[in-house]
Amino acid sequence: MASVSLKHIYKRYAGSDLVAVTDFSMDIKDKEFIILVGPSGCGKSTTLRMIAGLEEISDGDLFIGDRRVNDVSAKDRDIAMVFQNYALYPHMSVFDNMAFGLKLRHVPKDEIKKLVEEAAKILDIGHLLDRRPKALSGGQRQRVALGRCIVRDPQVFLLDEPLSNLDAKLRAQMRTELSKLHKKLGTTFIYVTHDQIEAMTMGDRIVIMKDGFVQQVDSPVNLYSKPCNKFVAGFIGSPQMNFLDAKLIKNDGKYTVEFGSDESSKLGKWRKFYIEVPVGKGDPSVLEGYVGREVSLGIRPENISDDISNARTGLIEATVDIAEMIGAETYLYLTCQNITLTVRVSNKSTARAGDTIKLAIDPNFIHLFDKQDEHALFVKQEK
């Protein structure tokens, strides 16, 4: 098994001003499960292909273990890759698909049979070894593609959106199976996806990318609770975080966020809403520089409650546009003055479209972001 180190990696395409990946630096520990996630075109698959040796590195250094592999061919890097379309040979049986790489290496037949059967047992596809890919379901094909990698016993597994062709139910099942497989094999996994649910449920650490730049590398818990900027905050979480235009003010030595309007409208007299920033939330020396300035206020749907009995600050009034009951919970889509909000409440909520209801924003879970560069005010920034 091996660690992987990327040091100031760039990917530029000849004859173009496009820089697909910019200054990617990261140390991936041996046996770690790393997820690269971000919207289409962010550079995550390009980064994976550079690790695999399928894309040339324009600048920087790539190490697998202690060996610099920039100029090492893909076949000599001791990695295995699972592609989005599985890349199985349609004319070969499952056994032959899994054994193909071993045959190219001239591994003895008895050893091939042993390795394939062991991998098939791990993946619960031993009964499928005589079938061809067209006779398999999507989930079974994905297991065969994984088995082809397992038999090689590589130092690093690379997986490029391997679940994207599966239906929602099977995708959820295979997430669990992949996590179990990682623990069983004890191998370094580097996994690319655009699905933040996959990222949050599977990764030891997650790399969030945008426009070729790494935005944040952290554990799922920290990414959710301590996003370093507005993009990360909005990308992680479903439904996504609510963002409101607001102003930071200071009253009686306390920092307060105000939003809304005190103007009149055809719907009646509007008023401003206030949320006190809890003591200890944020660095006062940072917040002081934003007093009187516009900021972006972020709050997740589950941190807005329809139970206002114990609320002392953060009380708002909003009109329900749509109420969606999703099993154990209900999503409320609301308008507060001209501000749209999404709230996640219990399925016992009686709110219906057209109702005007009172809600409480939990001040302990608010996020503030700079309006210009969108960095988080409550998270210490790297210098």
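Here, residues in each chain are numbered from 1, in the same order as that chain's written sequence. Given that this is a predicted model, residues contribute local features only at a pLDDT of at least 70 and side-chain atom pairs are listed and counted only at 80 or more, while totals for whole chains, interfaces and linings are drawn from all residues. With hydrogens and water set aside, each side-chain value is computed from the structure's full complement of heavy atoms.

A.B. asks: Any chance you could explain the sheet that holds strand 4 (residues 59–64) here in plain terms?
C.D. replies: Strand-to-strand pairing in sheets goes through backbone hydrogen bonds, with the strands running parallel or antiparallel. By this definition, two strands are paired if DSSP reports at least two bridges between them. By the criteria applied, helices consist of DSSP H or I runs no shorter than four residues and strands consist of E runs no shorter than two, each listed in order from the N terminus. Reading across from one edge, 2-1-4-5 is the order of the 4 strands in this open sheet, with antiparallel pairing throughout. Each end of this open sheet is capped by a strand with a single partner; those strands are strand 2 (19–28) and strand 5 (67–68). Two elements, strand 4 and strand 5, share 2 bridges in a ladder whose sense is antiparallel. Note that in strand 5 the partner of Phe 63 across the bridge is Arg 68. Two residues qualify as a contact provided that any one of their heavy atoms is within 4.5 Å of a heavy atom in the partner residue. Inter-axis angles, ranging from 0 to 180 degrees, are taken between N-to-C directions of lines fitted to C-alpha atoms, where helices are fitted over the stretch in contact. With respect to the sheet, helix 1 (residues 44–52) is in contact with strand 1 (4–12), strand 2 and strand 4, its orientation differing from that of strand 1 by roughly 115°.

A.B. asks: Sorry, what's going on with the pattern of salt bridges here?
C.D. replies: Where charged atoms from two side chains of opposite charge come close, those side chains can pair. Put simply, a salt bridge is a Lys or Arg side-chain nitrogen that is within 4 Å of an Asp or Glu carboxyl oxygen. Scanning the model with the defined rule gives 16 salt bridges in all. Among the ionic pairs, Glu 55 bridges to Arg 49, the shortest N-O distance being 3.7 Å. Whether a residue is buried, partly exposed or exposed follows from its accessible area with a 1.4 Å probe, protein chains only, as a fraction of its type maximum: under 20%, in between, or over 50%, in that order. For Arg 49, a relative accessible area of 28% translates into the label partly exposed. Across the pair Lys 113 and Glu 117 runs a salt bridge whose closest N-O atoms are separated by 2.7 Å. Note that Lys 113 and Glu 117 are positioned in helix 3 (residues 109–123) at a spacing of 4 residues, about one turn of the helix. One continuous salt-bridge network, built from bridges that share partners, spans Lys 11, Arg 49 and Glu 55.

A.B. asks: Even after reading the chapter, I still don't get the side chain of Asp 160, so can you show me in this structure?
C.D. replies: Looking at the element boundaries, Asp 160 is found in strand 7 (residues 156–160). Put simply, Asp 160 is tucked away with no salt bridge, and the nearest opposite charge, on Arg 49, sits 5.7 Å away. For Asp 160, the contacting residues outside a window of four places in its chain are Ser 45, Leu 48, Met 81, Val 82, Phe 83, Gln 84 and Val 192. Charge counting follows a simple rule: Lys and Arg are positive, Asp and Glu are negative, and His as well as the terminal groups are ignored.

A.B. asks: Teacher, can you tell me more about the packing of helix 2 (residues 94–104) against helix 3 here?
C.D. replies: To describe two helices that pack against each other, one gives the angle between their axes and the distance between the axes. For the pair helix 2 and helix 3, the least separation of the axes is 10 Å and the interaxial angle reads 130°. Comparing their axes, helix 3 and helix 2 come out oblique. Helix 3 is crossed by helix 2, and the crossing has right-handed handedness. For the pair helix 2 and helix 3, the contacting residues are Phe 95, Met 98, Ala 99, Leu 102 and Lys 103 in the first and Ile 112, Lys 113, Leu 115, Val 116, Ala 119 and Ala 120 in the second. Partitioned by chemical class, the residues of the contact of helix 2 with helix 3 number 9 nonpolar, no polar and 2 charged. To sort the angles, those under 35 degrees are grouped as roughly parallel, those over 145 as roughly antiparallel, those from 65 to 115 as roughly perpendicular, and the leftovers as oblique. Each crossing gets its handedness from the near helix: less than a right angle anticlockwise from the far helix is left-handed, clockwise is right-handed. We call Asp, Glu, Lys and Arg charged. Ala, Val, Leu, Ile, Met, Phe, Trp, Tyr, Cys and Pro are nonpolar, and the rest, Gly among them, are polar.

A.B. asks: Could you clarify how one ought to interpret helix 5 (residues 168–185) in this entry?
C.D. replies: Helical geometry note: an α-helix holds 3.6 residues per turn, so side chains three or four residues apart project in the same direction. The terminal C-alpha atoms of helix 5 lie 26 Å apart, and with 18 residues this matches the ideal 26 Å at 1.5 Å per residue to within 8%. Those residues of helix 5 that sit buried are Leu 170, Met 174, Arg 175, Leu 178, Ser 179, Leu 181 and His 182. The inward-facing, buried residues of helix 5 abut strand 3 (33–37), helix 3, helix 4 (138–150), strand 7, strand 8 (188–193) and helix 6 (196–202). Between N or O atoms, a polar contact is any pair within 3.5 Å; within protein, one atom must be a potential hydrogen donor and the other a potential acceptor, and residues adjacent in sequence are included only when both atoms are from side chains. The N-cap residue of helix 5 is Asp 167: its side-chain oxygen and the backbone nitrogen of Lys 169 are 3.2 Å apart. Positive backbone phi, approximately 60°, marks Gly 186, located one or two places after helix 5. In this analysis, the expected span of each helix is defined as 1.5 Å times one less than the number of residues it contains.

A.B. asks: Whenever I open this one, the packing of aromatic side chains confuses me. Can you help?
C.D. replies: The description of two aromatic rings rests on the distance between their centres and on the angle between their planes. What counts as a ring pair is set by centres within 6.5 Å for rings of Phe, Tyr and Trp (its six-membered ring), and what kind of pair is set by the plane angle: stacked under 30 degrees, edge-to-face over 60, tilted for all other angles. In this structure the tally under the stated criterion is 7 aromatic pairs. Between Phe 231 and Phe 235 the ring centres are 5.7 Å apart and the planes differ by 25°, which places this aromatic pair in the stacked class. In this pair, Phe 231 and Phe 235 are both assigned in helix 8 (residues 230–235), 4 residues apart and thus about one turn of the helix distant. Using a relative accessible area of 16% as the deciding quantity, one classes Phe 235 as buried.

A.B. asks: When you look at the nonpolar core in this model, what are you seeing that I'm missing?
C.D. replies: Inside soluble globular proteins, nonpolar side chains tend to come together where they are buried. Within the largest apolar cluster, 46 residues are counted, with the highest numbers of intra-cluster contacts made by Ile 35, Met 98, Leu 159, Leu 178, Tyr 191 and Ile 208. Sequence-distant contacts of Leu 159, that is, excluding residues within four places in its chain, are made with Leu 48, Val 82, Leu 146, Leu 178, Phe 189, Ile 190, Tyr 191 and Val 192. Within the second largest apolar cluster, 32 residues are counted, among which are Ile 275, Val 295, Ile 357 and Ile 361. In this description, a nonpolar core means a group of buried Ala, Val, Leu, Ile, Met, Phe, Trp, Tyr and Cys residues linked to one another through side-chain atoms lying within 4.5 Å.

A.B. asks: Sorry if this is basic, but what is going on with helix 4 here?
C.D. replies: With 13 residues, helix 4 should cover 18 Å at 1.5 Å per step; its first-to-last C-alpha distance of 19 Å lies within 8% of that length. Among the 13 residues of helix 4, 10 are classified as buried, and the element is accordingly described as predominantly covered. Every buried residue of helix 4 is listed here: Gly 139, Gln 142, Arg 143, Val 144, Ala 145, Leu 146, Gly 147, Arg 148, Cys 149 and Ile 150. On the buried face of helix 4, the contacting elements are strand 6 (79–82), helix 2, helix 3, strand 7 and helix 5.

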